[in-house]
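Now for the letters of each chain:
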Amino acid sequence: MHAIDVTDVTKTYGDVTALDGLSLAVESGTTFGLLGTNGAGKSTLFKLLVGHVRPDSGAVAVAGRDVTTAGAAIRRSVGYLPERAGFPSALTGREVLAFHARIRGLAEPSARIDEALETVGLSDAADRRVGGYSNGMTRRLGLATALLSRPRILLLDEPTAGLDPRGVASFHSIVRQLDRDDDLTVVLSSHVLPEVERLCDAVAILHDGRLRASGSVAGLKRHVSDDVRVRVRLRDPGATEDALSAIAPREATVRSTDDAIAVDCSASAVPGVLADLAAAVPVEGYEVREPGLERVFERALSDPAEVSA
Ligand SMILES: Nc1ncnc2c1ncn2[C@@H]1O[C@H](COP(=O)(O)OP(=O)(O)OP(=O)(O)O)[C@@H](O)[C@H]1O
């Protein structure tokens, strides 16, 4: 069962094509990561999913219902934390939530407000003015507003951007706690690949409004896993050119930094690569790395063919 179905959606803003024939499905109950370069269309996708903008063409369905026709009913089942959520600084956290509960016409608002405050760890700060909240607390208050209607689908647009490491850790632990609820689908966008790798079951990578890759994190990694990356540190930074020439005849992708070169090649080619390099230039050391989500991302951006894994 899909929580979200996006079918051949195009969305333009004047001359800018934000989404270009995008199709994407998100399984119910999963935590799904949305990755992409700046301007790839992630925020536009979130806005389509909550009905804040309409597609020029194509269909957007949430919980099996078309967003453009289901309107308010959809908004009740979806919680949305926008990329930039600010609140009136003179209000307390509880007053902000009471306001959001009122405009959404929620029944039993105080019980829901207490529950949301508890979930995001703001119960003790609930009666303090929002103007005195840290960035992390403000983001968590944003999450609390998204949770007020006890949504089945939670959309988090770059929820940890700009937070310090403690703020990030505390947000992650809340998302992990929410993830225990099998009926809740979480879609989060992020530029931090390790964050997505840690929290998400499946991901989509967007570029220029198009889908470049989608699938389980493990499946996408396997897709590029015939290659490993060998990073070789050179004793003499001036030897980079000689090192590159030594590798040139091999079937490998090579990148150089000031004092190291990184070679993507098959695992079986590693001894030969190391031997070629050691014969050509003084080598300080090396490490071999299995592919991570970072490699999947690089591959997705450099190769326009859509990958599904
Ligand atoms: N209201 C708007 N008016 C005009 N252009 C817009 C508008 N909103 C978004 N765009 C453009 O649409 C494209 C996609 O933007 P969007 O914000 O969806 O990308 P994003 O992936 O969320 O980017 P980022 O990672 O930088 O937040 C960009 O080129 C952006 O400039």
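What you see is a predicted model; the values in this text were computed from it and never measured.

What counts, and at which threshold
- Residues numbered from 1 in each chain as written.
- Predicted model: local features only at pLDDT ≥ 70, side-chain atom pairs only at ≥ 80, totals over all residues.
- Near = placed C-beta within 6 Å.
- Helix = DSSP H or I, 4+ residues; strand = E, 2+ residues; numbered from the N terminus.
- Core = buried A, V, L, I, M, F, W, Y, C linked by C-beta atoms within 7 Å.
- Buried ≥ 20, exposed ≤ 12 C-beta atoms within 10 Å, placed from the backbone.
- Contact = placed C-beta atoms within 7 Å.
- Pairing = 2+ DSSP bridges.
- Axes fitted to C-alpha atoms, helices over the stretch in contact; angles between N-to-C directions.
- Parallel < 35°, antiparallel > 145°, perpendicular 65-115°, else oblique.
- Left-handed = near helix turned anticlockwise from the far one by under 90°.
- Domains from an automatic or database assignment.
- Right-handed = clockwise from strand over helix to strand, strands pointing away.
- Arc of directions from axis to C-beta.
- Nonpolar A, V, L, I, M, F, W, Y, C, P; charged D, E, K, R; others polar.

Caption draft 1: Quick peek at the site of the ligand. The local shell around the ligand consists of Y13, V16, A18, G36, N38, G39, A40, G41, K42, S43, T44 and E83. Among the elements that make up the shell around the ligand, the one with the highest residue count is helix α1 (residues 42–49) (three residues).

Caption draft 2: Layout of the nonpolar core. Formed by 69 residues in total, the largest nonpolar core has its most connected members in L49, A144, L155 and V203. Ignoring sequence-local partners within four residues, the contact set of L155 consists of F46, L49, V50, V78, G79, Y80, L81 and V187. Ranked by size, the runner-up nonpolar core spans 12 residues in total, among them A246, C265, V273 and L277.

Caption draft 3: How the structure looks around the pairing of strand β3 (residues 31–36). For β3, the buried fraction is high: six of the six residues fall into the buried class. Burial along β3 is two-sided: T31, G33 and L35 facing one way and F32, L34 and G36 facing the other are all buried. Summarising the sheet, β3 and strand β9 (residues 202–207) pair through five bridges and their orientation is parallel. Note that in β9 the partner of L35 across the bridge is I205.

Caption draft 4: Molecular detail of the packing of helix α4 (residues 93–103) against helix α5 (residues 109–119). In the contact formed by α4 and α5, the axes pass within 10 Å of each other and the chain directions differ by 130°. With respect to each other, α4 and α5 are oriented oblique. For α4 against α5, the interelement crossing comes out right-handed. Between α4 and α5, the contacting residues are G93, R94, L97, A98 and A101 on the first element and P109, R112, I113, A116 and L117 on the second.

Caption draft 5: Summary view of the domain arrangement of the chain. Domain assignment breaks the chain into domain 1 (2–222) and domain 2 (226–290). Using only C-alpha atoms to locate each centre, domain 1 and domain 2 end up separated by 42 Å.

Caption draft 6: Layout of the pairing of strand β7 (residues 153–157). Buried residues dominate β7, accounting for five of its five residues. Side chains of β7 alternate between two faces, with I153, L155 and D157 and L154 and L156 buried alike. Bridge analysis of strand β6 (residues 78–81) against β7 gives four bridges, and the strand direction is parallel. Among the inter-strand pairings, L81 is bridged to a residue of β7, identified as L156. Relative to strand β8 (residues 185–189), β7 runs parallel, the two being bridged by five bridges. The residue bridging D157 from the neighbouring strand is S189, located in β8. In this region the chain leaves β7, passes through helix α7 (residues 165–179) and returns to the parallel neighbour β8; the handedness of that crossover is right-handed.

Caption draft 7: Broad picture of the sheet that holds β7. Ordered by their spatial adjacency, seven strands build an open sheet running β6-β7-β8-β3-β9-β10-β15, and the pairing between neighbours is mixed. The outermost strands of the open sheet, each flanked by one partner alone, are β6 and β15 (307–308). Along the sheet, helix α6 (residues 135–147) contacts β6 and β7; its crossing angle with β6, the most-contacted strand, is approximately 160°.

Caption draft 8: Region of the structure containing unusual backbone geometry. Phi is positive for E108, which is not a glycine, with a value near 45°. Mapping E108 onto the fold places it in the loop between α4 and α5. By the C-beta count within 10 Å, which is 9 here, E108 ends up exposed. Phi is positive for D208, close to 50°, though the residue is something other than glycine. Mapped onto the fold, D208 is located in the loop between β9 and β10 (210–216). Judged by the 16 C-beta atoms lying within 10 Å of it, D208 falls in the partly exposed class.

Caption draft 9: Representation of α4 in the model. For α4, every residue scored as buried is listed here: G93, R94, V96, L97, H100 and A101. Seen from one end, α4 has its buried residues packed into an arc of 160°, which puts them on one side. Exposed positions of α4 whose direction lies more than 90 degrees from the buried face are R102 and I103. Of the surrounding secondary structure, the elements contacted by the buried residues of α4 are α5 and α6. A positive backbone phi angle near 65° is found at G105, which sits one or two residues after α4.

Caption draft 10: A look at the packing of helix α10 (residues 240–247) against helix α11 (residues 270–280). Closest axis-to-axis distance for the α10/α11 pair is 9 Å, and the angle between their directions is 140°. Relative to α11, the element α10 is oriented oblique. You can see that α10 and α11 cross each other, and the crossing is right-handed. Contact residues: D242, A243, A246 and I247 in α10; V273, D276, L277 and A280 in α11. Tallied by class, the residues present in the contact of α10 with α11 amount to six nonpolar, no polar and two charged.

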